[in-house]
Amino acid sequence: MSTTSGATGPVVRAGGDFQEPPRTPGGVALCGACRERGTCRLGVERERLDEDGVARFALTCPRDQEGGPDVAHGGWTAAVLDDCLGHLPLLHRVLSVTAELTVSFVKPVPVGRPLEVSARVERREGSRWYITGEMVLLPTRAVLARASGIWVTRDQGHFARHADWLAEQDER
Ligand SMILES: CCCCCCCCCCCC(=O)SCCNC(=O)CCNC(=O)[C@H](O)C(C)(C)COP(=O)(O)OP(=O)(O)OC[C@H]1O[C@@H](n2cnc3c(N)ncnc32)[C@H](O)[C@@H]1OP(=O)(O)O
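The written sequence of each chain sets the order in which its residues are numbered from 1. Per-residue local features of the predicted model are confined to residues with pLDDT of at least 70, and side-chain atom pairs are confined, for both listing and counting, to 80 or more; whole-chain, interface and lining totals are unaffected and use all residues. Hydrogens and waters are ignored; side-chain quantities use all the structure's heavy atoms.

Per an unreviewed UniProt entry, the protein is named Acyl-coenzyme A thioesterase THEM4, and its organism is Streptomyces vulcanius. UniProt positions are given in the numbering used here, feature names are shortened, and annotations may be inferred rather than shown by experiment. Check the Sequence similarities (unreviewed entry) section of the UniProt entry for the protein; it says "Belongs to the THEM4/THEM5 thioesterase family."

Q: How would you explain the pattern of salt bridges if you had to name every residue and give the values?
A: Any carboxyl oxygen of Asp or Glu that lies within 4 Å of a side-chain nitrogen of Lys or Arg is treated as forming a salt bridge with it. Inspection of the entire model under this criterion finds ten salt bridges. Among the salt bridges present, the one from Arg 63 reaches Glu 66, with a minimum N-O distance of 3.2 Å. Summary of the burial criterion: residues with accessible area below 20% of their type's maximum are buried, those above 50% are exposed, and those between are partly exposed, where the area comes from a 1.4 Å probe applied to protein chains only. Residue classification places Glu 66 among the partly exposed positions, given a relative accessible area of 34%. One network of salt bridges, with partners in common, ties together Arg 48, Asp 50, Asp 52 and Arg 56.

Q: Could you give me a rundown of helix α2 (residues 74–91), with the residues and numbers involved?
A: For helices the rule is a DSSP run of H or I covering at least 4 residues; for strands it is a run of E covering at least 2, with both sets numbered from the N terminus onward. Helix span, as expected, comes to 1.5 Å for every residue beyond the first. If you check α2, its first and last C-alpha atoms are 26 Å apart, about what 18 residues at 1.5 Å a residue would give, namely 26 Å. Listed as buried for α2 are Trp 76, Thr 77, Val 80, Leu 81, Asp 83, Cys 84, Leu 85, Gly 86, His 87, Leu 88, Pro 89 and Leu 90. Here, two residues are considered to be in contact whenever any of their heavy atoms come within 4.5 Å of each other. Buried-residue contacts for α2 involve β3 (44–49), β4 (55–60), β5 (96–105), β6 (114–125), β7 (128–137) and β8 (142–153). Looking one or two residues beyond α2, the residue adopting positive phi is Arg 93, at roughly 65 degrees.

Q: An account of the side chain of Thr 60 is requested, with residue identities and associated values reported.
A: As for its position among the elements, Thr 60 is in strand β4. N or O atoms closer than or at 3.5 Å make up a polar contact, with two conditions inside protein: a donor-capable atom paired with an acceptor-capable one, and, for residues adjacent in sequence, both atoms drawn from side chains. Within polar-contact distance, the side chain of Thr 60 engages the side chain of Glu 45 at 2.9 Å. Once you skip the residues sitting within four places of it in the chain, Thr 60 turns out to touch Leu 42, Gly 43, Glu 45, Trp 76, Gly 112, Arg 113, Pro 114 and Leu 115.

Q: Can you explain the nonpolar core? Please cite residues and give values.
A: Counting 30 residues, the largest nonpolar core has Leu 59, Trp 76 and Met 135 as the members making the most contacts within it. Sorting elements by how many residues they give to this core places α2 first, with six residues. Here, the term nonpolar core denotes a set of buried Ala, Val, Leu, Ile, Met, Phe, Trp, Tyr and Cys residues that are joined through side-chain atoms within 4.5 Å.

Q: Account for the UniProt feature "domain: Thioesterase" (unreviewed entry) in the protein, naming residues and giving values.
A: Cross-referencing UniProt, the feature "domain: Thioesterase" (unreviewed entry) maps to residues 71–136 in the present numbering. Between the C-alpha atoms that bound residues 71–136 there is a distance of 14 Å. The span itself is 27% helix and 47% strand.

Q: Residue-level account of the pairing of β7, with values.
A: Among the ten residues that make up β7, seven are buried, leaving the element largely enclosed by the rest of the structure. Strand pairing is defined by DSSP finding a minimum of two bridges between the two strands. Bridge count between β6 and β7: ten bridges; the pairing is antiparallel. Residue pairing for β7: Leu 115 is matched across the bridge by Leu 137. The antiparallel pairing of β6 with β7 creates a hairpin that spans two residues between the two strands, and Gly 126 there sits at a positive phi of about 55 degrees. Bridge analysis of β7 against β8 gives ten bridges, and the strand direction is antiparallel. Bridge pairing in β8 links Trp 129 to Trp 151. The hairpin formed by β7 and β8 contains four residues between the paired strands, and Arg 141 there has a positive phi angle of roughly 65 degrees.

Here you go:
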């Protein structure tokens, strides 16, 4: 865990090291803003790492992420793919951040319907994890979106160094 200063004193940021994040009963690792509410605001309901090395996520696009009529805003699709693919190193207890992300929007994503995202590691080179994934509609498994990206492993000083960098920016 890491700590930051808050208005009421130090705030314990459970999972701030990305290695022991707070999780929902469905196993979903919660990022900063979702820790307070206890659920993933992107609509990820369950996550697991299977024996074949593929991470699988059950999710539904929340109504408040609607873009076109009854379909997801593309930003939601990109965000949730970033989130799910980025959870794969975390499921291996590795801290990483997204360096690059490419999304193919294959079909409009319906709001409020059961979906699945799967993610797999294609290869690792140095500190880079090359991860691909896709989003399908259930139960037909029609592909709605595909994603690929590079996640770069970080040591636990990553966020502290960023805070220092930001403080330097503020002094300019
Ligand atoms: C709380 C519980 C949460 C729990 C849940 C949390 C879930 C989060 C899931 C979502 C994940 C996110 O959205 S993370 C948030 C979005 N992403 C970010 O904020 C990252 C912002 N960018 C950065 O911090 C930086 O640019 C880095 C870390 C990506 C790279 O920094 P750097 O200073 O260039 O690092 P450096 O040591 O030089 O390079 C390290 C390696 O990365 C490679 N590299 C650097 N940039 C790139 C690049 N754009 N594309 C490819 N590769 C790159 C280099 O070739 C090198 O490879 P090699 O020679 O070492 O092999």
